[in-house]
Structure formats: structure tokens, C-alpha cells
Amino acid sequence: MASAITTLAADAPTLSAANTGFMLICSALVMLMTPGLAFFYGGMVRVKSSLNMLMMSFISLGIVTILWVLYGFSLAFGTDSGSVIGWSSDYVGLSGIGITELWDGYTIPVYVFAVFQLMFAVITPALISGALADRVKFSAWALFSALWVTVVYFPVAHWVWGTGGWLFKLGVIDFAGGTAVHINAGAAALGVILVIGKRVGFKKDPMRPHSLPLVMLGAGLLWFGWFGFNAGSWLGNDDGVGAVMFVNTQVATAAAMLAWLAYEKLRHGSFTTLGAASGAVAGLVAITPSGGSCSPLGAIAIGAIAGVVCAMAVGLKYKFGYDDSLDVVGVHLVGGVIGSLLVGFFATGGVQSDAAGLFYGGGLEQLGKQAVGVFSVLAYSLVVSAILAFLLDKTIGMRVTEDDEVSGIDQVEHAETAYDFSGAGGGASSRSTATPVPVAAATKKVDA
């Protein structure tokens with residue numbers, strides 16, 4: 001008996017300083033994705049809405065962090081109850097966790113796992129905000145975010161990743177959040193915009209991005225942070241799976257960007273910076289659920305498919321008349337569906353698990369499991385999010401007034417503007433009395 005106990009103790013995981021440090025870095029990278037998303041979205045809207053767009057992402061860092069500590073971590077990763085929700089009193093307020101207590105089966109502390117998953121919870125409602133640009137009260141958005149993570153994100157995270165969650169037990173593969181994050185957020189965005197309606201001037205007024213450099217900066221920060229998002233989701237570096245995911249993240253993103261640009265050139269005649277940024281994000285979304293189960297060649301295929309299909313999908317809002325301001329549905333919902341379903345084709349059976357897809361002799365079994373995960377999360381998030389938006393709209397009101405929307409939501413909701421031009425070029429009186437400078441003289445000064 002004593003020898004058996006000794007053997008068991010020797011086999012038990014011990015705290016790994018290397019894995020712990022790695023996961024803390026990954027957590028910081030995922031945290032950076034939310035400000036990156038704020039820049040990405042903030043540059044895509046008109047100048048009069050850019051601060052509001054930044055704030056709709058940034059506020060998530062405050063709201064979701066507090067709710068996660070109070071009860072979110074317990075609901076998502078506590079002891080399973082009925083395969084639909086978790087709960088552990090020790091996780092409430094993170095008050096009953098020892099500083100060296102390890103996450104079950106891993107070599108990192110519970111605190112490290114909790115903070116890593118916190119950053120996923122933070123960015124998911126922020127993703128929704130891009131669909132609602134220009135027209136939602138900030139107070140209503142903040143309340144919606146708090147309610148949404150409580151009744152949608154925390155339960156869905158348990159379904160997909162929690163020990164005992166029904167999709168986890170079914171064998172649905174979601175390495176880093178295709179269902180729990182991207183389909184969840186994309187479906188929620190669709191549900192909310194169907195309730196609150198279109199922007200004033202949708203399909204009539206030009207609504208071009210006000211700062212494409214900001215969009216590219218945001219996309220770059222997202223791409224950078226996504227390595228922590230994806231590679232970190234294996235929770236360690238002991239067997240090489242995280243390294244494969246890191247490589248596949250880069251490969252799929254590159255393929256998707258190139259595929260989007262090629263489609264754009266053939267369809268519209270130009271290679272655009274917005275297309276490059278959007279294509280990269282589409283690839284990141286698609287590889288998130290699938291990158292731990294496929295080869296780099298599979299990642300190229302997944303990225304290329306996502307790049308083309310998402311580029312096509314962003315135009316559906318004009319065909320069907322739903323106002324998805326910044327293409328959350330077209331990129332995150334569609335990209336998440338593509339990446340999750342393609343696991344059923346491209347899973348090699350030799351990376352994160354022995355589950356193989358159709359192209360590797362696994363038949364249709366894994367594809368069926370992936371479809372159950374995709375459409376159950378999509379339906380739940382769509383319906384519950386629409387109900388939440390409807391209730392808030394009928395009580396406190398979700399939208400600003402039409403006049404406030406036209407004049408600019410930044411000034412109305414935040415009493416600020418993104419850019420101050422008051423000191424540029426002097427006042428009107430000085431311009432009217434200044435001596436004109438001949439063109440030739442001005443040119444000589446510049447050349448000098």
C-alpha cells in the first residue's frame with residue numbers, strides 16, 4: 001500500500017516555473033488583444049463615433065474582470081452541475097484558492113489558469129460591440145455586457161471547456177474558442193442588431209473608416225496577442241502541441257489575408273488595407289478552434305477557405321438588410337463556423353488528440369460532433385442575446401436618439417471628441433487678414 005501511495009505521489013503534477021511563466025505571458029498577450037480590438041474597431045467607424053467604439057471594448061476590462069472574480073470563474077470552471085453549469089464556493093471571489101494550488105492535471109497554479117481564462121471572457125463581449133457601432137447608449141451597453149457574460153458566456157464556456165460540460169463530454173474540439181468565443185459573440189451580435197435595428201442612413205450615407213492606420217495597428221496587435229490566445233490554450237509547453245498551434249496560427253492568418261486580397265482584387269479590382277486587416281482577423285478566427293488538430297498544410301487550407309468565404313459573407317448584410325456595422329457576423333460568426341466545422345475534415349489525429357477528420361480516415365463522426373457544438377452555441381447565444389437586448393430596449397432603452405446619432409455619439413455619450421483641430425491653422429480672423437504667399441515662394445521654401 002505504501003509503495004502505491006509513493007508511486008501516485010511521484011506521478012502527480014508539480015508546479016512548473018517554466019509553464020507558469022509562459023502562461024502569465026500568454027495571459028498578458030490576450031489582455032493586449034482587447035485594446036487591439038478597440039483600435040481595430042475604432043479606426044473602422046466614422047470620426048464622430050471613434051471614442052465610443054474604443055470605450056465599448058475598453059469597458060469590458062473593468063466589468064468582466066470584477067464579475068469573473070466574484071462568480072464567473074466558478075460558473076465556468078467550477079464543479080459540474082448537470083453538464084450545463086459549474087459552481088465551486090472556493091472559486092467565489094477567488095477566496096478559497098491556495099497560492100500554489102495547481103489546476104487539476106496541469107503544472108500551473110489555479111490563479112494562473114483563472115487569469116488566462118479571464119482574458120478570454122473579457123474580449124468576447126467586446127467582439128460584439130463592433131456590430132452595434134454609432135447607435136447604442138453606453139450605459140445600456142455596459143449593462144448588457146454584464147448580463148450577457150453571466151447568462152451566455154459563463155455557461156457556454158462551461159459547456160465547451162469545463163470538465164463535465166456537455167459539449168466537452170461529447171468530444172467537440174475547440175482548441176481556443178471557435179465556439180465559446182467567436183460563434184458565441186457573432187451570434188450574439190446578430191441577435192442584438194435584429195432587435196435594435198439599423199443605423200440612420202444605412203445603405204444611403206457613406207460610412208467609411210475614418211482611420212485605416214488605426215485599423216492596421218489594431219489588426220497587428222490582435223495578430224500579436226493571438227499567439228498567446230492560441231498557443232497558450234494548451235496550458236504548457238511539455239509536449240509540442242502548443243508549438244504546432246503557434247505555427248498554425250501564423251500560417252492560417254497569412255493564407256487568409258492573401259486569399260481575402262485575391263478575392264477582393266478579382267471582385268472589386270483593388271487590394272485594400274481594410275481587406276488585408278479583415279482577412280488576417282478571419283484567419284485568426286478560423287484557426288482558433290482547429291489549429292491544435294491540423295497540420296500546417298491543413299492550416300493553409302483552413303485560412304484560405306476562411307479568407308474567401310468571410311470576404312463574401314460581409315456583403316450579406318446589404319442583401320438581407322441587417323446592419324452589422326463592422327462585420328462581426330461576417331468575420332467572427334462565419335469564420336468561427338468555418339474553423340469549427342473544418343476540424344471534421346482536417347484533424348490529423350496526431351496532434352492534440354487521436355480524433356481524425358474525414359480527410360485523414362476518420363469518417364464523418366468528428367464532423368457531426370463539431371456541427372452539434374457549432375449550432376447549439378449559435379442558437380443559444382442568438383436567442384438569449386436577442387431577448388436581453390429586447391428587455392433592455394423596452395426598459396432603459398438601448399439606442400441613443402436619432403438626433404444624437406446624427407450629431408455624433410462621442411460628444412453625446414462621452415462629452416469628448418477623438419481629435420482636437422482647434423489649434424490647427426490658426427483662427428478665422430488670422431486667416432482672413434494674413435498676407436497671401438505666392439505659390440512659387442511657398443514652393444521655394446519647401447524645396448529649401
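Positions within a chain are numbered from 1, following the residues in the order the chain's sequence is written. The predicted nature of this model means local features are confined to residues of pLDDT at least 70 and side-chain atom pairs, given and counted, to a pLDDT of 80 or more, with totals for whole chains, interfaces and linings taken over all residues. To get the side-chain values, all heavy atoms of the structure are used, and hydrogens and water are removed first.

Caption draft 1: Local environment of the pattern of salt bridges. What counts as a salt bridge is simple: a side-chain nitrogen of Lys or Arg found within 4 Å of a carboxyl oxygen of Asp or Glu. As enumerated under the stated definition, the model contains seven salt bridges in all. Residue Asp134 pairs with Arg199 through a salt bridge whose shortest N-O separation is 3.4 Å. Placement of the pair is Asp134 in the loop between α4 (110–129) and α5 (138–161) and Arg199 in the loop between α7 (178–196) and α8 (212–231), with a sequence separation of 65 residues. We call a residue buried when its accessible area falls under 20% of the maximum for its residue type, exposed when it is over 50%, and partly exposed in between, using a 1.4 Å probe and counting protein chains only. Taking relative accessible area as the criterion, Asp134 reaches 3% and is therefore assigned buried. Here Asp323 and Arg199 are joined by a salt bridge, their closest N and O atoms 2.8 Å apart. Of this pair, Asp323 sits in the loop between α12 (316–320) and α13 (328–346) while Arg199 sits in the loop between α7 and α8, and the two are 124 residues apart along the sequence. The same class applies to Asp323 as to Arg199, namely buried. By sharing partners, the salt bridges in this structure join Arg46, Asp134, Arg135, Arg199 and Asp323 into a single network. The numbering of helices and of strands both runs from the N terminus, where a helix is a DSSP run of H or I of at least 4 residues and a strand a run of E of at least 2.

Caption draft 2: Fine view of the nonpolar core. Judged by nonpolar contacts, the single largest core of 120 residues is most densely connected at Phe40, Phe73, Leu132 and Tyr153. A total of 16 residues in this core trace back to one element, the largest contributor, which is α5. Throughout this description, the term nonpolar core refers to a set of buried Ala, Val, Leu, Ile, Met, Phe, Trp, Tyr and Cys residues connected via side-chain atoms within 4.5 Å.

Caption draft 3: Layout of the confidence of the model for the chain. Per-chain confidence: the chain averages 92 in pLDDT, with 92% of residues scoring 70 or above. Per-residue confidence from the prediction method is given by pLDDT, with values spanning 0 to 100. Whether two residues touch is decided by their heavy atoms; if any such pair falls within 4.5 Å, the residues are in contact. Per-residue pLDDT stays below 50 along residues 1–10; that stretch engages in zero contacts with residues further than four places along the chain or on separate chains. Segment residues 427–448 is flagged for pLDDT under 50; beyond a separation of four residues in sequence, or across chains, it makes three contacts in the model.

Caption draft 4: Quick peek at the side chain of Asp134. For this analysis, a polar contact is any N or O atom pair within 3.5 Å, provided that within protein one partner can donate a hydrogen and the other can accept it, and provided that sequence-adjacent residues contribute only side-chain to side-chain pairs. Side chain to side chain, Asp134 and Ser49 meet in a polar contact 2.4 Å long. Ignoring sequence-local partners within four residues, the contact set of Asp134 consists of Val45, Arg46, Ser49, Arg199, Val400, Glu405 and Ile409.

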